[in-house]
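# Chains, contacts and geometry: an overview
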Amino acid sequence: MKLNTQALRYLSAEDWRVLTAVEMGSKNHEVVPTVLIIKISGLRGASGVNKSISTLAKSGLIAKVKNAKYDGYRLTYGGLDYLALNSFVKRKTAYSVGNQIGVGKESDIYVVADDSGAQRVLKIHRLGRISFRSVKTNRDYLRNRNSASWMYMSRLAAIKEYAFMKILHENGFPVPRPIDQARHCIIMELIDAFPLRQVSDVSDPPKLYMDLMNLLLKFASVGLIHGDFNEFNILVHETTQEPVVIDFPQMISIDHANAKEQFDRDVQCIKTFFERRFRYTADDDGPHWSDIKRVGKLDIEVEASGFSRKQAKELEKYMREVAPLSLVSNEDGDYESGDDDGDEDGDEDGDEDREENDEHETEEEEISQEVTLTKEPDAVRPVVQ
């Protein structure tokens, strides 16, 4: 789905309370009953709450759901987007939203600006967007998932990525400076660079190659394995050709059971890309797992910073059981989503939890490319008056 901020500035204080009430009710209810929304919102009079519910439904921020027991509403990704943006506006880390500059398998990238006009990057995690499309392979797992749990996993991905970016930036690694995080969204600095996959020629391929391999060893030396170190997640400065690494939801500790496998895969991804794109093959077949010399413990520090081991296990389960099954690699190294059957909750017949007001629901877009952070001047539009 695309981020649509058109209605954001027109929501009243009561609308925000009702939207927050639906979010809070979603923690324990897949479908939040209207009576519970009224109770959580703390607003007097059901008529005022119903008016706000109507406003939010028409804007696609909540969706009405009917099931066998009761009628109620669920929070949509659009509603979660608005709640996150509202938090950024209150904290003055975002004031206006510009164009979409990138898409990922399960994320969207936008340009935003603060009230001074300084441009930044907004990354919105949307876990489940691709996964529920490959319904045939994921049917058993998805039968136990609902929209609220996808949003929870998106939150975990954002929390984890922000925690890793923060600690890596503080320790001098070439990563974007993280600015703020709310729910499933992250705001970071806008890097004046291009994705490596868009670079057709470099002046010194051996130097860039060595810089990247040394980065892998440097990550590992402080206890971290990137896990998705490839041309899609590496930016290159046009003049200096120095690399910047992005995308950290899949990063793991060097003590993880799959750490060696992930490290070797990261190395091979860079080798394959340089051989194919720049016709460059290094004389040395390394680096190897045995080349790693641990000198730091950033993996332990990340856990201490707030991303708990329990959260890591929950997110890892998603990455392991769902995400890999939803991707089909093609010859060019890009990815395509699987079958487009089914709905977001994985119900084939749609008899249960059938939604009303379908015209208010934003259709999920099929994404077939990895994240792209292209520098592009954008006219940003304010989300507040």
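Residues numbered from 1 in each chain as written. Predicted model: local features only at pLDDT ≥ 70, side-chain atom pairs only at ≥ 80, totals over all residues. Heavy atoms only, no water.

Further remarks concern the overall build of the chain. The helix and strand tally for the chain stands at 10 helices and 17 strands. Split into buried and exposed, the 385 residues of the chain put 54% on the buried side. For the chain, the share of sequence-separated contacts (at least 6 apart) that also reach a separation of at least 24 residues comes to 72%. For the chain, the computed accessible surface area is about 18000 Å², with 46% contributed by carbon and sulfur atoms. (Helix = DSSP H or I, 4+ residues; strand = E, 2+ residues; numbered from the N terminus. Buried < 20%, exposed > 50% of the residue type's maximum accessible area, 1.4 Å probe, protein only. Contact = heavy atoms within 4.5 Å. Areas by Shrake-Rupley, 256 points an atom, 1.4 Å probe, with all protein chains shown as cover.)

Glancing now at the sheet that holds strand S12 (residues 243-245). Paired through backbone hydrogen bonds, the strands of a sheet run either parallel or antiparallel to each other. Here three strands make up an open sheet; going across it, the order is S9-S11-S12 and the pairing antiparallel. Strands at the two margins of the open sheet, each flanked by one partner only, are strand S9 (194-195) and S12. When S9 meets strand S11 (residues 234-236), the two strands line up antiparallel, connected through two bridges. Bridge pairing links Phe 194 to Val 236 in S11. Contacting S11 and S12, helix H7 (residues 205-221) crosses the sheet at an angle of about 35° to S12. (Pairing = 2+ DSSP bridges. Axes fitted to C-alpha atoms, helices over the stretch in contact; angles between N-to-C directions.)

With that settled, the discussion passes to the pattern of salt bridges. Two side chains with opposite charge may pair up if their charged atoms get near one another. All chains considered together, the criterion is met by 14 salt bridges. A salt bridge links Lys 260 to Asp 264; the shortest N-O distance between them is 2.9 Å. Of the two residues, Lys 260 and Asp 264 are both situated in helix H8 (residues 259-277); the distance of four residues between them amounts to about one turn of the helix. Judged by relative accessible area, Lys 260 falls into the partly exposed class, the value being 43%. Counted as one network, the salt bridges with shared partners bring together Glu 23, Arg 155 and Arg 183. (Salt bridge = Lys/Arg side-chain N within 4 Å of Asp/Glu carboxyl O.)

Helix H4 (residues 77-90) packs onto helix H1 (residues 13-25) with a crossing angle of 120° between their chain directions and a minimal axis gap of 11 Å. Taken as a pair, H1 and H4 cross one another with a handedness that is left-handed. In this structure, H1 contributes Trp 16, Leu 19, Thr 20 and Glu 23 to the contact, and H4 contributes Gly 79, Leu 80, Tyr 82, Leu 83 and Asn 86. In terms of residue class, the contact of H1 with H4 is built from five nonpolar, three polar and one charged. (Left-handed = near helix turned anticlockwise from the far one by under 90°. Nonpolar A, V, L, I, M, F, W, Y, C, P; charged D, E, K, R; others polar.)

Glancing now at the packing of H1 against helix H3 (residues 46-58). Where H1 meets H3, the axes come as close as 9 Å, and the angle between the chain directions of the two elements is 80°. Overall, the two elements H1 and H3 adopt an arrangement that is roughly perpendicular. Between H1 and H3, the contacting residues are Glu 14, Asp 15, Val 18 and Leu 19 on the first element and Val 49, Ser 52, Ile 53, Thr 55 and Leu 56 on the second. Classifying every residue of the contact of H1 with H3 by side-chain character gives five nonpolar, two polar and two charged. (Parallel < 35°, antiparallel > 145°, perpendicular 65-115°, else oblique.)

Before going further, it helps to spend a moment on the pairing of strand S6 (residues 119-125). Within S6, six of the seven residues are buried, which leaves it mostly tucked inside the rest of the structure. Bridging between strand S5 (residues 107-113) and S6 involves seven bridges; their strand directions are antiparallel. Looking across to S6, one finds that Tyr 110 is bridged to Leu 122.

Next up on the list: the packing of aromatic side chains. Within this structure, the stated rule accounts for seven aromatic pairs. Centroid distance Tyr 209 to Phe 274: 5.4 Å. Interplanar angle 75°. Geometry classified as edge-to-face. Residue Tyr 209 is found in helix H7, and its partner Phe 274 is found in helix H8; the two are separated by 65 residues along the sequence. Using a relative accessible area of 3% as the deciding quantity, one classes Tyr 209 as buried. Assessed through its relative accessible area of 0%, Phe 274 is described here as buried. On the basis of an interplanar angle of 65° and a centroid distance of 5.4 Å, the ring pair of Tyr 209 and Tyr 280 is categorised as edge-to-face. A residue pair is termed long-range when its members are at least 10 positions apart, and Tyr 209 in helix H7 and Tyr 280 in the loop between H8 and helix H9 (298-304) qualify at 71 residues. The exposure class assigned to Tyr 280 is buried, which follows from its relative accessible area of 19%. An aromatic cluster of at least three residues, connected via ring pairs, comprises Tyr 209, Phe 273, Phe 274, Phe 278 and Tyr 280. (Phe/Tyr/Trp six-rings, centres within 6.5 Å; stacked < 30°, edge-to-face > 60°.)

The next point concerns the nonpolar core. Counting 96 residues, the largest nonpolar core has Leu 122, Leu 168, Leu 196 and Phe 274 as the members making the most contacts within it. With residues up to four places along the chain from it excluded, the contact list for Leu 122 reads Leu 3, Leu 85, Phe 88, Asp 108, Ile 109, Tyr 110, Val 112, Cys 185, Ile 186 and Ile 187. Core analysis: the second largest hydrophobic core is formed by five residues, Ile 191, Ala 193, Val 244 and Ile 246 among them. (Core = buried A, V, L, I, M, F, W, Y, C linked by side-chain atoms within 4.5 Å.)

Here Ile 37 shows up in helix H2 (residues 34-41). Not counting residues up to four positions away in its chain, the partners in contact with Ile 37 are Val 18, Ala 21, Val 22, Val 32, Val 49, Ile 53 and Tyr 73.

Below, the discussion takes up the confidence of the model for the chain. When pLDDT is averaged across the chain, the result is 81; 77% of the residues are at 70 or more. In the predicted structure, residues 134-144 sits below a pLDDT of 50 and forms 27 contacts with residues beyond four places in sequence or in another chain. Below pLDDT 50 for its whole length, residues 325-379 participates in 143 contacts with residues either more than four positions away or in separate chains. (pLDDT = per-residue confidence, 0-100.)

The next subject is the environment of Tyr 95. Structurally, the position occupied by Tyr 95 is in the loop between H4 and strand S4 (96-104). Here the alpha-carbon distance between Tyr 95 and Asp 115, two residues 20 residues apart in the chain, equals 5.2 Å.

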